[in-house]
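Tertiary structure, described
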Amino acid sequence: CKKEIYRSPSLLKRTKDRFCSRKCRSNNQLGRVLSKERIKNMRKGIIKSLLEGRGIKNPTSIEKKVYEELKSRGVLFETQKLINKKFLVDTFIPSLNLIIECDGDYWHGLERVQRKDKSENAYLLKCGFSVLRLSELEINNGSFKKRLFL
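Below: a short report on this structure. (Residues numbered from 1 in each chain as written. Predicted model: local features only at pLDDT ≥ 70, side-chain atom pairs only at ≥ 80, totals over all residues. Heavy atoms only, no water.)

This part is about the sheet that holds strand S3 (residues 98–103). In space, the four strands of this open sheet follow the order S1-S2-S3-S4, with mixed pairing throughout. Edge positions in the open sheet fall to strand S1 (78–83) and strand S4 (130–135), since each of these has one partner strand only. If you compare each strand with its neighbour and ignore which way they point, the axes differ by 45° on average. Note that S3 and S4 share six bridges and pair parallel. Bridge assignment links Glu-101 to a residue of S4, and that residue is Arg-133. Sheet strands in contact with helix H4 (residues 61–72) are S1, strand S2 (87–93), S3 and S4, and its direction is about 145° off that of S3. Running at roughly 150° to S4, helix H5 (residues 111–126) makes contact with S1, S2, S3 and S4 of the sheet. (Pairing = 2+ DSSP bridges. Helix = DSSP H or I, 4+ residues; strand = E, 2+ residues; numbered from the N terminus. Axes fitted to C-alpha atoms, helices over the stretch in contact; angles between N-to-C directions. Contact = heavy atoms within 4.5 Å.)

A separate point is unusual backbone geometry. Of note, the phi angle at Gln-80 is positive, near 45°, even though the residue is not glycine. Along the polypeptide, Gln-80 turns up in strand S1. Judged by its relative accessible area of 14%, Gln-80 is buried. Residue Asn-97 is not a glycine yet carries a positive backbone phi of 55°. Turning to its location among the elements, Asn-97 is positioned in the loop between S2 and S3. (Buried < 20%, exposed > 50% of the residue type's maximum accessible area, 1.4 Å probe, protein only.)

Okay, the packing of aromatic side chains next. A full pass over the atoms with the stated rule returns four aromatic pairs. When the ring of Phe-87 is compared with that of Tyr-123, the centres are 5.5 Å apart and the planes differ by 55°; the resulting orientation is tilted. Of this pair, Phe-87 sits in strand S2 while Tyr-123 sits in helix H5, and the two are 36 residues apart along the sequence. The exposure class assigned to Tyr-123 is partly exposed, which follows from its relative accessible area of 25%. Consider the rings of Tyr-106 and Trp-107, whose centres lie 4.9 Å apart with planes at 80°: the pair is edge-to-face. The partly exposed category is assigned to Trp-107, whose relative accessible area is 47%. Over the ring of Tyr-123 we find Lys-86, and its NZ or CZ is 5.2 Å from the ring centre. (Phe/Tyr/Trp six-rings, centres within 6.5 Å; stacked < 30°, edge-to-face > 60°. Lys NZ or Arg CZ within 6 Å of the ring centre and 35° of its normal.)

Across its 16 residues, H5 extends 23 Å between first and last C-alpha, which sits within 8% of the 22 Å expected from 1.5 Å per residue. Looking only at H5, the buried set comprises Val-113, Asp-117, Glu-120, Asn-121 and Leu-124. Looking straight down H5, one finds its buried side chains confined to an arc of 105°; they lie on one side. In H5, the exposed positions that point more than 90 degrees away from the buried face belong to Glu-111, Arg-112, Arg-115, Lys-118 and Lys-126. Contacts made by the buried residues of H5 are with S1, S2, S3 and S4. (Expected span 1.5 Å × (residues − 1). Arc of directions from axis to C-beta.)

Dropping the structure here:
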C-alpha cells in the first residue's frame, strides 16, 4: 500500500518488514513474484533434502486418507517421490508406473497452480507415467475409492 509507517528501533531489530498491518504484509507476500534464481535455489535445496533421505513436508490429511486406502488394499507405494529430479509427487506406485496426486481444492483452484499441474501432467505422461489426480472433495466424500482401479 506504500503507506509510510513508524517502527521503533527495537521493533526494527526484531522485524524486517515495514508494512502498516498484518493484512497489508500478507497481501504483499502472497502477491510477490519469486525470481527465477530464487526458485532455482529452492528447487536445489528440496532435491538435496530428498536425495539425502529427508522428506520435505508432512502428508496432508487428504494424502493420509489415500495412503490408508492403498495400505488396506495391500498396494506397495512410495510417498513424496522425486521424479527425474524435477517433480515431487504425492504417491508413486512402481508396479503400475502410476502417480497419484492429491489436489487440495484451494491451492489447485488457483489459475497459476492449474497451469503448473497441466504442464506437470504433460511431462509425466511424456515420460511414460500414468497420472491420477484426486480432488479434495472426492477424497473427503470417499468417491475416490471407485477411481482407484487397483
